[in-house]
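Chain by chain, the residues:
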Amino acid sequence: MADDAVPDGKTVQVLRDVANRLRIHSIRATCASGSGHPTSCCSAAEIVSVLFFHTMRYRQTDPEHPDNDRFVLSKGHAAPVLYAAWAEAGGISESDLLSLRKIDCDLEGHPTPRLSFVDVATGSLGQGLGAACGMAYTGKYFDKASYRVFCLMGDGESSEGSVWEALSFASHYGLDNLVAIFDVNRLGQSGVTPLEHCTDVYEKRCEAFGWNTYLVDGHDVEALCQAFWQAAQVKNKPTAVIAKTFKGRGIPNVENAENWHGKPMPKDRADAIIKLIESQIETNKSLVPKPPAEESPQISITGVTMTSPPAYRVGDKIATRKAYGLALAKLGHANGRVIVLDSDTKNSTFSELFKKEHPERFIECFIAEQNMVSVALGCAARGRTIAFASTFAAYLTRAFDQIRMGAISQTNINLAGSHCGVCIGEDGPSQMALEDLAMFRSVPNCTIFYPSDAVSTEHAVCLAASTKGMCYIRVSQPETTVIYAPQENFEIGQAKVVRQSVNDKVTVIGAGVTLHEALAAAADLSKQGISIRVIDPFTIKPLDASTIISNAKATGNQVITVEDHCREGGLGEAVCAAVSGEPDILVHQLAVSGVPQSGKTSELLDRFGVGAKRIVAAVKYTLMN
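Reading the values: rules and limits
- Residues numbered from 1 in each chain as written.
- Predicted model: local features only at pLDDT ≥ 70, side-chain atom pairs only at ≥ 80, totals over all residues.
- Heavy atoms only, no water.
- UniProt positions renumbered as here; feature names shortened; annotations may be inferred.
- Buried < 20%, exposed > 50% of the residue type's maximum accessible area, 1.4 Å probe, protein only.
- Helix = DSSP H or I, 4+ residues; strand = E, 2+ residues; numbered from the N terminus.
- Contact = heavy atoms within 4.5 Å.
- Disulfide = S-S within 2.5 Å.
- Core = buried A, V, L, I, M, F, W, Y, C linked by side-chain atoms within 4.5 Å.

Taking an unreviewed UniProt entry as the reference, the protein chain is identified by name as transketolase belonging to Trichechus manatus latirostris. According to its UniProt record, the protein chain has this under Subunit (unreviewed entry): "Homodimer." Its UniProt record gives the protein chain the following Sequence similarities (unreviewed entry) comment, quoted word for word: "Belongs to the transketolase family."

Have a look at this one:
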C-alpha cells in the first residue's frame, strides 16, 4: 500500500507530536484570551494534524492558491486548533496565537476570511458542509482540477437539517473530491449529543445518503492516514470519516467530562496540563505538506459587460422575473464563469433559460434553499465563479442565517427572489414575500436591486455580476410595461425620475409593480388637474437620497412611498431614514398591512393599500392636509 496510506513509524510519531503541540497551542491561546473552546480543539487534534501535515496538498506560503486543497472548519468554535495548525505550518507566528480573540487581532473566536487561509466564515453550525459542497462541485465540474475539499464537522451540528441537505447534494452529484469528517466527541454545548458515541448510527445514516463511509479511532493517526488515503481512491461518491474522539482529550479530569464546553483551562492548572502533554512529545520535527498539482484554469471574473444593449422596446410587456432569466442567459455568453443555482423553481424564476443555453453551468439544488445559498458561497470562494442563486423571495427567508454568514464571509454571490408581494395573486400569502427587503437591508455590504421593467432588470443583473459584496435582485411575477429605452444608463445608487413637471405637488416613490401603479395614478390625477412626480429608486440599498431630497423639496416637501412589502423595514422606512436630516420633508407610507389572502393581482393591490386607487387617495389626502 502507498506511503500515504501507511506512513513510516517516524512520520507517525511526528504526526502524534504535532497533534499534541496543537493541543498545547489551543490551551495556551484560550487561556491568554480568557475564553474559547480548548476541549473541542483537543478532540480534533489528530484529525487536523493528519490533514494539514500528511494528507492535504497546499502551498504554505500561498494559502489562497487556486489549486490548494480546501479545508472548511464547520465546527468553527474549534478555531484555535486551525490557527495552531497554521502556526505549525509557518503561516502565522506562535506569539500571534496569544492574541486570540483580541480586538486588533484577526484570530477571531470563529474563523472569518479576514485570514487568508479561511475561505468561508463558520461558527453558525451546520453550514460548513454546504459550502464545502460548492467548493468540491467547482473543483470537479468547473475547474476540472484535482484539488480536494475536507470539511471537519462536530457531531452536535449534525442535528441541523442543513447538514443532511448537503449530504444529499454531495451524493447526488458524485462529489468524490469531498471528505466530511465527523468529530464524534459525544458532548455538545449543554450536555450529551443525541447519539453520543454510537458511531455505527452515523455510519448507517451517511451510507443511506449514498456516501462512502469509514469508522475510525479519531485519535489514531495511522487509522486516519489510511482512511483519507482510501477516500482518495473512491470514485463518484463523497466520503464520510466517522471519527470517535473524546472532548478534552489529554486533559486529566476534563477529558470526556461534561460542563467544559467553551471554557478555557483554569490558569492555575494550565501549566501542569501543558507539562503533562509535553511529556508525551518525542520529537521536535515538523512535516512539510506536499505541493498541489497546478491544474486549475486561469480565469477572469472582473469587468463583465453585456455584449449588446437590452433588446426590448418601450411599451413591450414582460415580467421582470422573465427578463431576469433572459439576462442570465445573455450574461452567460459574456463570461464563461457565470453559474446559476436554483431550488426547483427554474420554470418560475426563468433561470431555466440559462440552463437551456449553458447546461454545464447550471446547478439544480432542489428544494433545499439553505444548502443552495451555502453551495453558492462555496462556488464563489477564491473568486472561481460569478454565482447567481434564484428562488421565490419568500423561501430565501429560511436561508437568512446562511445569508448573514455569507456577509461575514465577504462573499460576492448574487441572490434573486421572484414572486414578491401581493401582486402574485391567487397563490396566497405563503408564497408572497413581504419581508425580504427588510431582511436584505439588514445584511452588511449588501446591494439591493429592485428593477421595475425588463431593461432595468437586465442592467441590474449585469451590475450585480461585477459588484463587490452580496447582491439581491427583487423581481416580480406580473408582466409590466417596458418604460426605459435600451440605451438608458443605470448605476447603483442612482434613482430615475420617470415623470415630472414644474407643477408637481407631491413626489411618489414606487418600485417594481408599484412604480407602474404610481404611473397609473399619475395619469388619473393629471386628468383631475393634479400633477405628481414619480421616482424609481432602482436600488433600495444604497438609496439615492440626494435625488429623493431634491425632488421632495421641489414638490412642497411632500413624499409618498408605495411598496408591495410590509411597512417594517422596506422602501418606505429606507426613504424615511434617507430624509431624516431634512425636518421639513413629510413622508406618507403606503405598504401592505396585515396578512394577505388569495385573489387577483389588481384586487389585492387595491385591498391591501398599494394600488393606483390608493395612491390617488393618498395624494389627495396629503394635499388636503
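**Q** Is there a simple way to explain helix 16 (residues 400-408) in this structure?
**A** In an α-helix, one full turn covers 3.6 residues, which means residues spaced three or four apart are oriented alike. All of the buried residues in helix 16 are Gln402, Ile403, Met405, Gly406 and Ala407. Against helix 7 (161-172), helix 14 (369-380), helix 15 (393-396), strand 10 (414-418), helix 17 (436-441) and strand 12 (470-474) lie the buried residues of helix 16. Just past helix 16, the residue Gln410 takes up positive phi, approximately 60 degrees.

**Q** Would you explain the state of the cysteines in this entry?
**A** Linking two cysteines covalently via their sulfur atoms produces the bond known as a disulfide. Inspection of the entire model under this criterion finds zero disulfides. Free of any disulfide, Cys365 has its nearest cysteine sulfur in Cys379, 7.8 Å distant. No disulfide involves Cys471; its sulfur sits 6.8 Å from that of Cys446, the nearest cysteine.

**Q** Looking at this model, I keep getting lost on the nonpolar core. Mind explaining?
**A** A general feature of soluble globular proteins is that nonpolar side chains tend to end up buried together. Grouped together as the largest cluster of nonpolar side chains are 79 residues, with contacts concentrated most on Leu129, Leu178, Leu341, Ile363, Leu415 and Phe440. Element by element, the count of residues in this core is highest for helix 6 (residues 128-142), at eight residues. Contact partners of Leu341, with chain neighbours within four places excluded, come to Ile363, Cys365, Met372, Val375, Ala376, Ala387, Phe388, Ala389 and Ser390. Val12, Leu22, Phe117 and Val234 belong to the second-largest nonpolar core, a separate cluster that totals 52 residues.

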